[in-house]
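What follows is the residue order along each chain.
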Amino acid sequence: MIVIYRKGSPHRIQQKRNMITDLTKEHPDKTLWRFALPLFISVIFQQLYNIADSMIAGRFAGEHALAAVGASYPITVIFMAFAVGSNLGASVVVSRYFGAKNYQKMKAAISTAFISCGVLSAALSLFGCLFCPLMMRLIHTPENIYKDGVLYLNIYIYGLAFLMFYNVSTGIFTALGDSKTPLYFLLGSSAGNILLDYIFVAHFHWDVAGVAWATFLAQGVSAVLALVTILRRLRCLPGKSSALFDRSLLGQIAAIAVPSIMQQSVLSIGNLFVQDIVNRFGSSVIAGYSAGVKLNTFAINSFMSLGSCLSSYTAQNIGAGKKDRIPLGFRAGIRLALIAAVPFVILYFGFSRRMMGLFLENTSREAIRAGMEFLRFVSPCYFMIAVKLTTDGIIRGAGAMKYFVIATVPDLILRIILANIFSRFFQSTGIWMAWPFGWVATTALTIIFYRKIAGKPFRS
């Protein structure tokens, strides 16, 4: 139990265990399981309402609507890269100061992260308004889905500030060892998004616009509630912020966030090149790939959530001077990752036809075939990529961002080159064949880099 005294007041404020968790005490086998489970469930619900967008678009608005949302998806992932990078930067820095019990610096880091987030979201919104239509042209989006794809992107851009603030808020909750509060927000947001999707698309017949507005509203409510909750939570912690905005703290956040953004952006740009190759095979293959990649993203983000837990765990322990606990956390995290991969492999490989049936009618045979092939190529590799993404969390939490970024490059290069080569001989099937090659290379590099930093003093 953390007991906190409010300055000038005789009464004590007791923080509940389920709000703030110190990850520097218990054995990681116990603390990581308890900490990771709510965060893992949060990711599941977040991905469920992302999948619901595509499901409702495909089932009620048709194959072309699903293809339009899917064609714009790699561009939205570029913006998501900035949100995820900001999340990680804030999470690692706040974790370190929380682990060191330096609450003044911790509060300053939080306010600095939010101010920076506001400026960045404004810049990204302006960029999106100016260049998203051009980006859709550059990846050779078919004319029959181009207008709907641009429409979806325009509405998505209106909500970029919500996306950014929500992700930074989630990173701060995670840094404080609180993985339950984001879960509560996501439960409400997911239910609201799915309900609005159904109303806007099935009843109002807004088609692609309805999908985008449902996401906008659900994300907006979650962002506002998360921000208000953090501000109220901070009032219960001792001390005042050392500064509302601190350039040195911004530098610390950027040292984690910028490489993370670069890593995510490199992957996103790689996905744009892959989307360009996919687009050459027509809207049916685009629709099947859209459904398959949404399911794939579901699995990947679930593994990444475990990596985020290990980032906070690593950063807190480094801040507390308990660096010997890092290898214990690594082993516990790997066990969690392998267990998490099992249901995805079973569902996607063994029941790929049923998975595609969630998005597409039986008449969309070519789209269903493309989606099934994609899932059957990538899903057996989930055990490997789960280990990679979990290990990434340790590397980020230790501040070894150079290794984190470098390990991404082989995946990007191999996926693009091999997708181009294989697609010439095996048509669209050749594109899916490129995924495992990139994942093998990037996982091997990540394990090598972890072994390097595990044998050296961690930076505090």
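Throughout what follows, the structure given in this document is the object of discussion. (Residues numbered from 1 in each chain as written. Predicted model: local features only at pLDDT ≥ 70, side-chain atom pairs only at ≥ 80, totals over all residues. Heavy atoms only, no water.)

### Quick word on the overall build of the protein
Looking only at helices and strands, one finds 16 helices and 2 strands in the protein. Taken against the 2.2 N^0.38 rule, which gives 23 Å for 460 residues, the C-alpha radius of gyration of the protein at 22 Å falls within 12% of a compact globule. By its C-alpha atoms, the protein is 70 × 50 × 35 Å across when sized along the principal axes. Of all 460 residues assigned to the protein, the portion counted as buried reaches 59%. For the protein, the share of sequence-separated contacts (at least 6 apart) that also reach a separation of at least 24 residues comes to 84%. Entry remark: accessible area of the protein is about 18400 Å², with carbon and sulfur atoms responsible for 67%. (Helix = DSSP H or I, 4+ residues; strand = E, 2+ residues; numbered from the N terminus. Rg over C-alpha atoms; globule rule 2.2 N^0.38 Å. Buried < 20%, exposed > 50% of the residue type's maximum accessible area, 1.4 Å probe, protein only. Contact = heavy atoms within 4.5 Å. Areas by Shrake-Rupley, 256 points an atom, 1.4 Å probe, with all protein chains shown as cover.)

### What about empty space enclosed by the protein?
Over the atoms a probe the size of a water molecule is rolled, and this reveals where empty space is left. Evaluation of the coordinates by the stated rule reveals 4 cavities of 30 Å³ or more. In this model, the second largest cavity occupies a volume close to 90 Å³. Ile155, Tyr156, Gly159, Leu160, Leu163, Ala212, Thr215, Phe216 and Gln219 are the residues that line the second largest cavity. Breaking the lining of the second largest cavity down by element, the ones donating at least two residues are helix H4 (143–158), helix H5 (160–175) and helix H7 (207–234). Among the elements that line the lining of the second largest cavity, the one with the most residues is H7, at 4 residues. (1 Å grid on protein atoms, 1.4 Å probe; cavity = no way out; pocket = protein on both sides within 12 Å on 5 of 7 lines; lining within 4 Å. Points joined across faces, edges and corners; volume = space filled by probe spheres on them.)

### Observations regarding the side chain of Thr297
Within the element layout of this structure, Thr297 appears in helix H9 (residues 283–319). Under the relative-accessibility criterion, Thr297 is labelled buried at 13%. If sequence neighbours within four positions are ignored, Thr297 has contacts with Gln47 and Tyr73.

### Overview of helix H6 (residues 181–203)
Between the first and last C-alpha of H6 there are 33 Å, a value that for 23 residues agrees with the 33 Å anticipated at 1.5 Å per step. Within the span of H6, buried status applies to Thr181, Pro182, Leu183, Phe185, Leu186, Ser189, Ser190, Asn193, Asp197, Phe200, Val201 and Ala202. His205 sits one or two residues past H6 and shows a positive phi near 60°. (Expected span 1.5 Å × (residues − 1).)

### Things to note about the pattern of salt bridges
For the coordinates displayed, the defined rule picks out 6 salt bridges. In this structure, Lys105 engages Asp246 in a salt bridge whose closest nitrogen and oxygen atoms are separated by 3.7 Å. A residue pair is termed long-range when its members are at least 10 positions apart, and Lys105 in helix H3 (residues 103–138) and Asp246 in the loop between H7 and helix H8 (247–279) qualify at 141 residues. Given the relative accessible area of 26%, Lys105 is considered partly exposed. Linking Asp411 and Arg415 is a salt bridge whose minimum nitrogen-to-oxygen distance equals 3.0 Å. (Salt bridge = Lys/Arg side-chain N within 4 Å of Asp/Glu carboxyl O.)

### Remarks on the nonpolar core
The biggest cluster of nonpolar side chains holds 140 residues, and the ones touching the most others in it are Met106, Phe303, Tyr348, Tyr382, Trp432 and Trp435. Ranked by residue count, the leading element in this core is helix H2 (residues 63–99), at 18 residues. Leave out the neighbours within four places in its chain, and Tyr382 touches Asn296, Ala299, Phe303, Ala341, Phe344, Val345, Tyr348 and Trp439. (Core = buried A, V, L, I, M, F, W, Y, C linked by side-chain atoms within 4.5 Å.)

### Some details on the environment of Ser311
The topology assignment puts Ser311 in helix H9. Along the primary structure Ser311 and Arg396 are separated by 85 residues, whereas in three dimensions their C-alpha atoms are 5.9 Å apart. Not counting residues up to four positions away in its chain, the partners in contact with Ser311 are Val92, Gly393, Arg396 and Gly397. Looking at Ser311, its side chain comes within polar contact range of the main-chain oxygen of Gly393, at 2.9 Å. (Polar contact = N/O pair within 3.5 Å; in protein donor to acceptor, adjacent residues only side chain to side chain.)

### Notes on the packing of H9 against helix H10 (residues 326–350)
Two elements in contact, H9 and H10, have axes whose closest approach is 10 Å; the angle formed by their N-to-C orientations is 170°. By the angle between their axes, H9 is roughly antiparallel relative to H10. The residues of H10 that touch H9, namely those facing Leu295, Asn296, Phe298, Ala299, Ser302, Phe303, Leu306, Leu310, Tyr313, Thr314 and Asn317, are Ile326, Leu328, Gly329, Gly333, Leu336, Ala337, Ala340, Ala341, Phe344 and Tyr348. Residue composition of the contact of H9 with H10, grouped by class: 15 nonpolar, 6 polar and no charged. (Axes fitted to C-alpha atoms, helices over the stretch in contact; angles between N-to-C directions. Parallel < 35°, antiparallel > 145°, perpendicular 65-115°, else oblique. Nonpolar A, V, L, I, M, F, W, Y, C, P; charged D, E, K, R; others polar.)

### Thoughts on the packing of aromatic side chains
The tally for this structure, following the rule as stated, stands at 25 aromatic pairs. Arranged with centres 6.5 Å apart and planes meeting at 40°, the rings of Phe79 and Tyr156 form a pair that is tilted. Here Phe79 is found in helix H2, whereas its partner Tyr156 is found in helix H4, with 77 residues between them in sequence. Each of the two residues, Phe79 as well as Tyr156, counts as buried. (Phe/Tyr/Trp six-rings, centres within 6.5 Å; stacked < 30°, edge-to-face > 60°.)

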